[in-house]
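Coordinate analysis (summary)
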Amino acid sequence: MGGYVEKILRINLTDRTIRTEELNMKLAKEHLGGRGLAGKMYTDEVPADVEAFSPENKVFIAAGTLTGTNAPTSSRFMVVTKSPLNGTLAASNSGGFWGPQLKFAGYDMIVLEGKADAPVYLSIHDDNVEIKDATKIWGKDVYETTSFIKAEFRDNQAKVLAIGPAGENLSLMASIMNDLYRAAGRNGVGAVMGYKNIKAIVVRGTGKVDHADPDMVKVVLTDVLNIINENGVTGQGLPTYGTAVLVNIINENGVYPVNNFQESYNVNADQISGETMTEKYLVKKDSCFACPIACGRYCNWKEGEGGGPEYETVGVFGSNCGVQDYDAIHQANDLCNKFGLDTISVGATIAAGMELFQRGYIKPDELDGTPLEFGHAKGMVEWIRKIAYREGLGAKMALGSYRLAESYGAAELSMSVKKQELPAYDPRGAQGQGLSYATSNRGGCHVRGYVISPEILGFQEKTDRFSTKGKAKQVKTSQDLSAVIDSIGLCFFSSFALGLSDYKKLVNAITGFDYTEEELLACGERIWNNERLHNLRVGYSKADDTLPKRFLKEPISDGPSKGHIHHLDELLPEYYTIRGWDQEGVPTPEHLNALGMQDSFEHRSQISY
């Protein structure tokens, strides 16, 4: 068996016990690794009514099936827990080099239980695992924490995962950072770490991950690397300009958010594009482990240098806040990395705050002198610090845009789904992407079903972005495939070039499994249904599979998508049917049985209609 190292590290923080256990390979065959396997184990071990901030909640940090292998983009790992932001089954994805080091140390997964009685960090060097005192670094930012731990560990190849002040202060938008600039960003997973008093995890491994059929792996790798390198996005656009190459493309299609999605076209978008970043700010490319794409950016700007902003970050702190100052956007991104904050949710929450102020809900005397106006770059940057430290109005903002807007009786001004903020694509001009948003298992999200790929980029096929025809099936397939990619530990950017057949060949050659394409995709569908059942058990329902009223009722006012709204009411019934769910959005017993999920019948029985 290759790919897996077949061992779990389980740590109880309350009684400070450390033990290892064998990986359940039957579950691994059915749910892969990463998001899928950790999600299944979480729902089996943690009751649905457990609060996110409680010792009974657990955190699963899981590498993917192929993480640490020679497969291209095999850097990914997932943080799975109950989200404090919205109660969904959080599965926050990160890259860099930390995940492969976990596999090299001999572990597919870490399970964190209980709660430490004082700040700690975990030190892992192969089978030498220690719980260490973190009082000296509690209160430090991510950069300071990483530097301190690396100096204490005394091994330059060690990799550090850490939270910043935002996680310590239980911001519901707190991320977990690794390798300084990589983020398990969404769903507030950093706050769960903060609640449990875990500041960081440093890992160094000296082992390797085996390949079941090395000769076949070489053949498959040659093929998939050629496909990636010859693709226009993965071989040219992303390596040259980073993810911000999308700024001009998305804007030219009229789905680029401006002023909290009040508009969807920015005539000056090129000022904050990937092309401009490359010309004026780029120092060097910054790639993750085993990645031929190298979309990461290392930049310098007026206030400093470091990891450059991704497309989503540029979108939410740029046009969505009415800001054209690229230096300020770089600084905003850097502060989020430093404090441990999700750039998407923070930028969108500040934008919501700006509209609340614009419409008179937030009063000037609530701002303590910090501007909260569209286009005010310095004010935007300062609000990030206030959110991290929960100062003044920043304490309300730290709870996310939904709770902020709801507190003023204007929840409709939060551009979120299931209380999680939307990324930088207006669903009114991309019907499939809007359905993907509405039905996402973790709330507002683009990577759980990136239908922008066919609707705007034309991969793997070009579809009419304004049409609803065929979109329900396309969304389901995209969601199931994204679950597979997340769970095998590859980057979803690989899917611009690779298809299901390529992933099957990689998985089979490396693991020794013998999946058909249908069986591999069924793993993704199993993962999706397990997450859906969790959400239904915690109280979500059909009513939550929706979009903000703005997208359903207010046509886009200008630009290439002018006049369009989202037609969710046409798409949702068809989507439920294709999913094998009833019209209340609940998986039917027959469908669960067909997926081999008979052990989920008890979970289904816990759902209240």
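One structure accompanies this document, and this report is about it. Each chain carries its own residue numbering, running from 1 in the written order of its sequence. Only residues with pLDDT of 70 or above have their local features reported here, since the model is predicted, and side-chain atom pairs are shown and tallied only from 80 upward, although totals for entire chains, interfaces and linings are computed over all residues. Computation of side-chain values: all heavy atoms of the structure, hydrogens and water removed.

**Details of the overall build of the chain**
Heads up, the rule is: Strands here are runs of E lasting at least two residues and helices are runs of H or I lasting at least four, both read from the DSSP assignment and numbered beginning at the N terminus. Our radius of gyration looks at C-alpha atoms and nothing else; its globule reference is 2.2 Å times the residue count to the power 0.38. Note on classification: 1.4 Å probe, protein chains only; a residue is buried when its accessible area is under 20% of the maximum for its type, exposed when over 50%, partly exposed between these limits. Here the Shrake-Rupley method, with its probe set to 1.4 Å, supplies the accessible areas, and only the displayed protein chains count as covering residues.
Helix and strand counts for the chain stand at 25 helices and 17 strands. At 22 Å, the chain has a C-alpha radius of gyration in line with the 25 Å of a compact globule built from 609 residues. Judged by the C-alpha coordinates and their principal axes, the chain covers about 60 × 55 × 50 Å. Per-residue burial over the chain gives 65% buried out of 609 residues. When the accessible surface of the chain is totalled, it reaches about 20,400 Å², and 47% of it is carbon and sulfur.

**With respect to the sheet that holds strand β8 (residues 128-133)**
Our working rule: Being paired, for any two strands, means DSSP has found at least two bridges between them. The axes used here are C-alpha line fits, helices contributing only the stretch in contact, and every angle between their N-to-C directions lies in the interval 0 to 180 degrees. Note on contacts: a residue pair qualifies if any of its non-hydrogen atoms lie within 4.5 Å across the two residues.
The strand order β8-β7-β12-β9-β10-β11 describes an open sheet built from six strands, whose pairing is mixed. In this open sheet, the two edge strands, each paired with only one partner strand, are β8 and β11 (182-184). Ignoring strand direction, the axes of neighbouring strands in this sheet form an average angle of 20°. As defined by bridge partners, strand β10 (residues 176-178) adjoins β11 across three bridges and the pair is classed as antiparallel. In the strand pairing of β11, Ile176 is matched with Ala184. Here helix α4 (residues 142-153) sits on the sheet in contact with β7 (120-125), β8, β9 (159-162), β10 and β12 (198-204), set at roughly 45° to β12.

**Looking at the state of the cysteines**
As a reminder of what qualifies: Disulfides are defined in this document as cysteine sulfur pairs within 2.5 Å.
Per the counting criterion, the structure on display carries zero disulfides. Not engaged in a disulfide, the cysteine Cys491 finds its nearest cysteine sulfur in Cys295; these two sulfurs lie 6.1 Å apart.

**So, the side chain of Ser561**
Stated formally: We define a polar contact as two N or O atoms separated by no more than 3.5 Å, with the added condition that, inside protein, one atom must be a possible hydrogen donor and the other a possible acceptor, whereas residues neighbouring each other in sequence contribute only through side-chain atom pairs.
Along the chain, the position of Ser561 falls in the loop between α22 (549-553) and α23 (568-579). In this structure the side chain of Ser561 is engaged in a polar contact, spanning 2.9 Å, whose partner is the side chain of Arg465. Apart from residues lying up to four places away in sequence, Ser561 is in contact with Asn253, Gly254, Val255, Gly429, Arg465, Phe466 and Ile556.

**Describing the pairing of strand β6 (residues 109-113)**
Of all five residues in β6, five are buried, a share of seventy percent or more. Residue alternation in β6 divides its side chains into two sets, Met109, Val111 and Glu113 and Ile110 and Leu112, and both sets are buried. Pairing analysis gives five bridges linking strand β1 (residues 7-12) to β6, with the strands arranged parallel. Within β6, the position partnered with Ile11 by the bridge is Leu112. In the sheet, strand β3 (residues 59-63) pairs with β6 via four bridges, with the strands oriented antiparallel. What sits directly across from Ala62, in β6, is Met109.

**Some points on the sheet that holds strand β14 (residues 296-301)**
As summarised here, the arrangement of the three strands in space is β13-β14-β15, forming an open sheet in which the pairing is antiparallel. The sheet terminates laterally at β13 (282-286) and β15 (304-307), the two strands that pair on one side only. Direction aside, the axes of adjacent strands within the sheet are offset by 15° on average. The sheet contact formed by β14 and β15 spans four bridges and is antiparallel. Bridged to Trp301 within β15 is Gly304. Packed onto the sheet, helix α12 (residues 326-339) meets β14 and β15 and runs at close to 120° relative to β14.

**A look at the pattern of salt bridges**
Operational definition: Salt bridge, as used here: a side-chain nitrogen of Lys or Arg that lies within 4 Å of a carboxyl oxygen of Asp or Glu.
A full pass over the atoms with the stated rule returns 30 salt bridges. Between Arg448 and Glu531 there is a salt bridge; the shortest N-O distance is 3.8 Å. Of the two residues, Arg448 is situated in the loop between α17 (431-439) and α18 (452-457) and Glu531 in helix α21 (residues 517-537); the sequence distance between them amounts to 83 residues. You can call Glu531 buried: its relative accessible area is 2%. A salt bridge links Lys471 to Glu455; the nearest nitrogen and oxygen atoms lie 2.6 Å apart. Of the two residues, Lys471 is situated in helix α19 (residues 471-488) and Glu455 in helix α18; the sequence distance between them amounts to 16 residues. Since its relative accessible area comes to 1%, Lys471 is described here as buried. Since its relative accessible area comes to 0%, Glu455 is described here as buried.

**A closer look at α21**
Rules: Expected span of a helix: the number of residues minus one, times 1.5 Å.
With 21 residues, α21 should reach 30 Å at 1.5 Å per residue; the first-to-last C-alpha distance of 31 Å fits that figure. Within α21, 17 of the 21 residues are buried, leaving the element largely enclosed by the surrounding structure.

**A few points about the environment of Val217**
Along the chain, Val217 turns up in helix α7 (residues 214-230). Overall, Val217 belongs to the buried group, its relative accessible area being 3%. Ignoring sequence-local partners within four residues, the contact set of Val217 consists of His211, Ala509 and Ile510.

**With respect to the nonpolar core**
Test applied: Among the buried residues, those of types Ala, Val, Leu, Ile, Met, Phe, Trp, Tyr and Cys that are joined through side-chain atoms within 4.5 Å form a nonpolar core.
Ranked by internal contacts, the top residues of the largest apolar core, which has 137 residues, are Phe317, Leu341, Ile350, Leu372, Met380 and Ile384. Ignoring any residue separated from it by four or fewer positions in sequence, one finds Ile384 in contact with Phe317, Ala332, Leu335, Cys336, Phe339, Leu341, Val346 and Ile350. Within the second largest apolar cluster, 29 residues are counted, among which are Val79, Ile110, Leu112 and Met193.

**Details of unusual backbone geometry**
At Asn259, a residue that is not glycine, the phi angle is positive and equals roughly 50°. Note that Asn259 resides in the loop between α9 (246-252) and α10 (274-280). A positive phi angle is found at Ala290, which is not glycine, with a value near 55°. Exposure remark for Ala290: the relative accessible area of 32% places this residue in the partly exposed category.

**Here we look at the environment of Ile272**
Along the chain, the position of Ile272 falls in the loop between α9 and α10. We classify Ile272 as buried; its relative accessible area is 0%. Sequence-wise, Ile272 and Gly318 are 46 residues apart; in three dimensions their C-alpha atoms are separated by 7.4 Å. When sequence neighbours within four positions are dropped, the list of residues in contact with Ile272 reads Val247, Tyr256, Asn266, Val314, Gly318, Ser319, Val323, Gln324, Tyr326 and Ile329.

**Let's talk about the packing of α19 against helix α20 (residues 500-511)**
Defined as follows: What sets the label is the angle itself: under 35 degrees gives roughly parallel, over 145 gives roughly antiparallel, 65 to 115 gives roughly perpendicular, and the rest give oblique. In this scheme, a crossing is called left-handed if the near helix is turned counterclockwise away from the far one by less than a right angle; it is called right-handed if the turn is clockwise. Basically, the charged four are Asp, Glu, Lys and Arg, the nonpolar ten are Ala, Val, Leu, Ile, Met, Phe, Trp, Tyr, Cys and Pro, and anything else, Gly included, counts as polar.
Where α19 meets α20, the axes come as close as 12 Å, and the angle between the chain directions of the two elements is 30°. In terms of their interaxial angle, α19 and α20 are classed as roughly parallel. Note on packing geometry: the crossing formed by α19 with α20 is left-handed. Taking contact as the criterion, the partners of Leu481, Ile485 and Ile488 in α19 are, on α20, Leu500, Tyr503 and Val507. Residue composition of the contact of α19 with α20, grouped by class: six nonpolar, no polar and no charged.

**Some thoughts on the packing of α7 against α20**
To describe two helices that pack against each other, one gives the angle between their axes and the distance between the axes. Taken N-terminus to C-terminus, the directions of α7 and α20 make an angle of 155°; their axes are 9 Å apart at the nearest point. It follows from the interaxial angle that α7 and α20 lie roughly antiparallel. Helix-helix and strand crossings are classified by hand; for α7 and α20 the assignment is left-handed. Here Met216, Val217, Val220, Leu221, Val224 and Ile227 of α7 lie close against α20, whose contacting residues are Asp502, Lys505, Leu506, Ala509 and Ile510. Broken down by class, the residue content of the contact of α7 with α20 amounts to nine nonpolar, no polar and two charged.

Worth remembering: the numbers are spatial, not functional.
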